[in-house]
Amino acid sequence: MENRNNALLYRVLKIVVVIAAACAVGYFAFCYWLNAYGSLAGGGNDMANADQGSAVVVDGIGRRDGVFTLFIGATDDEGVRTDTMMVAVFDTENHKVNVINIPRDTLVDCDRTGAARKINAAYAHGIDEMLDEVSTVVGFRPDKYLIANFDGIADIVDVIGGVDYDIPFDMSYHDPAQDLSIEFEKGWQHLDGEQVVEYLRWRHNDDGEGYADGDIGRVTKLQDFLVVIGEAVLSPSNVLKIPTIASTVSENVETDLTNSQIIWIGMQGMQLDMNEDVTMETLYGDAAMVNFGVNIWFYILDEDMIIDQINEKYNPYIFRLTSKNFSIVTPDTYGIYSSSWENEKAVRYASYQHQDEGSGSGEPADSDEDDS
């Protein structure tokens, strides 16, 4: 499992490295070397060691030295929802990166109704709303953000002449209303940009068969595909195409990072030992059917386990985060009984206790006993 998590993080970092490589042309490369010996514009404390240059400048009050956080998202084909959401915590002093994945179907504390209660719907209301809701589930607001548009990925694929990819199983989905027809056979395929979009849009076959682990499986598929694109973009045969790729990337990425900061992050990622320096996890919780007038599938977070999870690896502050820093909601919050949630939670806690019997930790301790 650890090797799989490291591999997933490597894929995430590849996305940033691809953007860094695309930006590292001419002036942007000069900006990196210039800023490596100076300070980026802004106030607060530098989040990197002096000998590494200045990275992302944020408010340093109560922060761990050399730590900054980055929200990474990728939109769906309509560009209004975030299909992939992650928060990367960079520890530049210890050369560590921890990434926490936020499932797109996560139920969040918001004023929206129906399926729009899912966190992936926040982006349609602006990046500030997106980051505010991310803070409710991870306990802090990320310092910076980077949102990629999947349509741009198709353009990049066409620029590099397509990609070879091992389709995991037969895919057959048709939706006349969207004029959508997805047909792939299991095995190695050479995909152009349009086929890439079709592959990324696939969720299940006409008969309902999909990924065994649902949305988590789809996120894994996406990350696996992005690393293939990243390796293709960075291959020697495509070096001369980087200016064109840079133009494509700039049109399909929304971020408050400067170009030199993006390059800095990419450089840091390329220096990491993926077996020793990186970890990736998903927020603890369970998929469940919840009735908000109609039955809707959500991912329900477990507050107690998440508070421990965030404090162990993802807390950028020198103090412990408590329930006061989170606003996690469940069916109980709304007075709704969800049998699927209760059943899944019981299975998860039983599994958690079984795994930790040897260490004597058992169920997670009450993380909020010091809140009073």
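Read on for an overview of the structure. (Residues numbered from 1 in each chain as written. Predicted model: local features only at pLDDT ≥ 70, side-chain atom pairs only at ≥ 80, totals over all residues. Heavy atoms only, no water.)

**Concerning the pairing of strand β4 (residues 144-149)**
Piece 1. The buried fraction of β4 amounts to five of the six residues, a majority that puts the element mostly inside the structure.
Piece 2. Bridge analysis of strand β1 (residues 67-75) against β4 gives six bridges, and the strand direction is parallel. Bridge pairing in β4 places Phe71 opposite Tyr145.
Piece 3. Two elements, β4 and strand β9 (residues 253-255), share three bridges in a ladder whose sense is antiparallel. Bridge pairing links Ala148 to Val253 in β9. (Buried < 20%, exposed > 50% of the residue type's maximum accessible area, 1.4 Å probe, protein only. Helix = DSSP H or I, 4+ residues; strand = E, 2+ residues; numbered from the N terminus. Pairing = 2+ DSSP bridges.)

**Thoughts on the nonpolar core**
Piece 1. Ranked by size, the top nonpolar core spans 31 residues in total, and within it Phe71, Ile102, Met130, Val138, Leu283 and Ile310 carry the most contacts.
Piece 2. Elements that contribute at least two residues to this core include exactly β1, β2 (82-91), α3 (127-138), β4, β12 (295-301) and α9 (303-313).
Piece 3. Top contributing element to this core by residue count: α3, with six residues.
Piece 4. Those residues in contact with Met130 that sit more than four places away from it in its chain are Phe71, Thr82, Met85, Ile119, Ala122 and Tyr123.
Piece 5. Within the second largest apolar cluster, 23 residues are counted, among which are Ile153, Ile167, Tyr173 and Ile182. (Core = buried A, V, L, I, M, F, W, Y, C linked by side-chain atoms within 4.5 Å. Contact = heavy atoms within 4.5 Å.)

**Focus on the sheet that holds β9**
Piece 1. With mixed pairing, the six strands of this open sheet are ordered in space as β9-β4-β1-β2-β3-β10. The open sheet has two edge strands, β9 and β10 (278-282), and neither has a second partner. Neighbour-to-neighbour, the strand axes of the sheet open up by a mean angle of 15°, direction not taken into account.
Piece 2. Strands β1, β2, β3 (96-101), β4 and β9 of the sheet are contacted by α3, whose axis makes an angle of about 65° with β2.
Piece 3. Sitting on the sheet, α9 touches β3 and β10, and the angle it makes with β10 is about 170°. (Axes fitted to C-alpha atoms, helices over the stretch in contact; angles between N-to-C directions.)

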